[in-house]
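Per-entry structural report
Take a look at the letters that make up each chain.
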Amino acid sequence: MKKYNGFTLIELLITLVIVGVLLTVGVPAMKTFMQSGRLIASTNELLSALHVARAEAIKTNGRVTICESSNGTTCSTTGSWKNGWIVFIDSNGDGVGTGAECAAANTDCLLRSHQGFDETELTIAGLDANGAAVESFTFSSRGLPKNNDGSPQSGTFSICGAEGNRAVVLSLSGRVRITDNAAVITCP
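Residues numbered from 1 in each chain as written. Predicted model: local features only at pLDDT ≥ 70, side-chain atom pairs only at ≥ 80, totals over all residues. Heavy atoms only, no water.

Remarks on the pairing of strand E2 (residues 84-89)
Working note: regular strand, side chains alternate between the two faces of the sheet. Applicable threshold: Relative accessibility thresholds used throughout: buried, under 20% of the residue-type maximum; exposed, over 50%; partly exposed, between the two (1.4 Å probe, protein chains only). The helix and strand labels rest on DSSP assignments: H or I over at least four residues marks a helix, E over at least two residues marks a strand, and numbering proceeds from the N terminus. Whether two strands pair depends on DSSP finding at least two bridges between them.
Most of E2 sits inside the fold, with 6 of its 6 residues counted as buried. Direction of pairing for strand E1 (residues 64-68) relative to E2: antiparallel, over a ladder of 5 bridges. Looking at E2, one finds that Thr 65 is bridged to Phe 88. The sheet contact formed by E2 and strand E3 (residues 109-115) spans 6 bridges and is antiparallel. Note that in E3 the partner of Ile 86 across the bridge is Ser 113.

Pasting the structure below:
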């Protein structure tokens, strides 16, 4: 008698049921993992932009501004940092920004541009120490965050997502840190 190799119908059905159960359990966990990764990545990108702004202000011995921007070249006042932001040398102190490359000294020029996020469940809001919305932060030549009138400025960026919330905190000394302390985070 010849012996046939292969799977029986029962073995194939049991394998398909096991694969179906694993997919049912695994797909939602993968979605949660991806959303959590996006939250961490957006927090780190904002933290990096603030570090660049402060470092460039000290290095160039001038003013450097980070502001929300929906077009990647000029500042906007939409109230949402989710649309993106730019970091630029603000030599004239107007806080407006320009899309020009850094070619000549003592001119406004773009250092870094970050496009917005498409994630519908992600929000990023900047608030000053008084809880008012902030569209920009400017670092002085000493690396201290200042308002356009020269007064000290500090604030918190709340990054809120479906899988958690984080905050980037900017102190009066220019120190930037990440926290997940719920008392600091303001989500809509």
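Some words on the pattern of salt bridges
Going by this rule: Only one rule defines a salt bridge in this text: a Lys or Arg side-chain nitrogen within 4 Å of an Asp or Glu carboxyl oxygen.
Per the counting criterion, the structure on display carries 1 salt bridge. In this structure, Glu 56 and Lys 59 form a salt bridge, with 3.2 Å as the shortest nitrogen-oxygen distance. Here Glu 56 and its partner Lys 59 are both found in helix H1 (residues 9-60), 3 residues apart, which amounts to about one turn of the helix. On the accessibility criterion, Glu 56 (17% relative accessible area) is buried. Given a relative accessible area of 62%, Lys 59 falls into the exposed group.

A short note on H1
Note the following rule: To estimate the expected span of a helix, count its residues, drop one, and scale the result by 1.5 Å. In this scheme, the bend at a residue equals the angle between the axes fitted to the seven residues that finish there and the seven that begin there.
Under the 1.5 Å per step criterion, the end-to-end length of H1 is 73 Å for 52 residues, consistent within 8% with the ideal 76 Å. Most pronounced at Gly 26, the bend in H1 amounts to some 25°, and the proline Pro 28 follows within four residues. Within the sequence span of H1, burial applies to Gln 35, Leu 39, Ser 42, Thr 43, Leu 46, Leu 47, Ala 49, Leu 50, Ala 53, Glu 56 and Ala 57. Immediately downstream of H1, the backbone of Asn 61 shows phi near 55°, a positive value.

Structural notes on the packing of aromatic side chains
Cut-off, in case you're wondering: Pairs were defined over the aromatic rings of Phe, Tyr and Trp, the Trp ring being its six-membered one, requiring ring centres within 6.5 Å. Orientation was assigned from the angle between planes: stacked under 30 degrees, edge-to-face over 60, tilted for the rest.
Under the criterion given, the structure shown has 2 aromatic pairs. Each member of the aromatic cluster is reached from another via a ring pair, and the members are Trp 81, Phe 137 and Phe 157.

Looking at the environment of Ser 154
Note the following rule: Any two residues whose heavy atoms approach within 4.5 Å at even a single point are treated as in contact.
Secondary-structure assignment places Ser 154 in the loop between strand E6 (145-146) and strand E7 (155-161). The residues touching Ser 154, leaving out its near neighbours within four places in the chain, are Leu 127, Asp 128, Ala 129, Phe 137, Leu 170, Ser 171 and Leu 172.

A look at the environment of Thr 156
Inspection of the secondary structure puts Thr 156 in strand E7. Once the C-alpha coordinates of Thr 156 and Ala 125 are considered, the two residues, 31 residues apart in sequence, prove to be 8.1 Å apart. Not counting residues up to four positions away in its chain, the partners in contact with Thr 156 are Ala 125, Gly 126, Leu 127, Ala 167, Val 168, Val 169 and Val 184.

So, the sheet that holds strand E4 (residues 123-128)
Selection criterion: In this description, a line fitted to the C-alpha atoms serves as the axis of each element, helices being fitted only across the stretch in contact, and the angle between N-to-C directions of two axes falls anywhere from 0 to 180 degrees.
Taking strand neighbours across the sheet as the criterion, the 4 strands line up as E4-E7-E8-E9 in an open arrangement whose pairing is antiparallel. The outermost strands of the open sheet, each flanked by one partner alone, are E4 and strand E9 (176-179). The sheet shows a mean angle of 20° between the axes of neighbouring strands, taken without regard to direction. The pairing of E4 with E7 spans 6 bridges and is classified as antiparallel. From the neighbouring strand, Ala 125 faces E7, where its bridge partner is Ser 158. Sitting on the sheet, H1 is in contact with E4, E7, strand E8 (164-170) and E9, with an inclination near 5° to E8.

No statement about biological role is implied by the geometric values presented.
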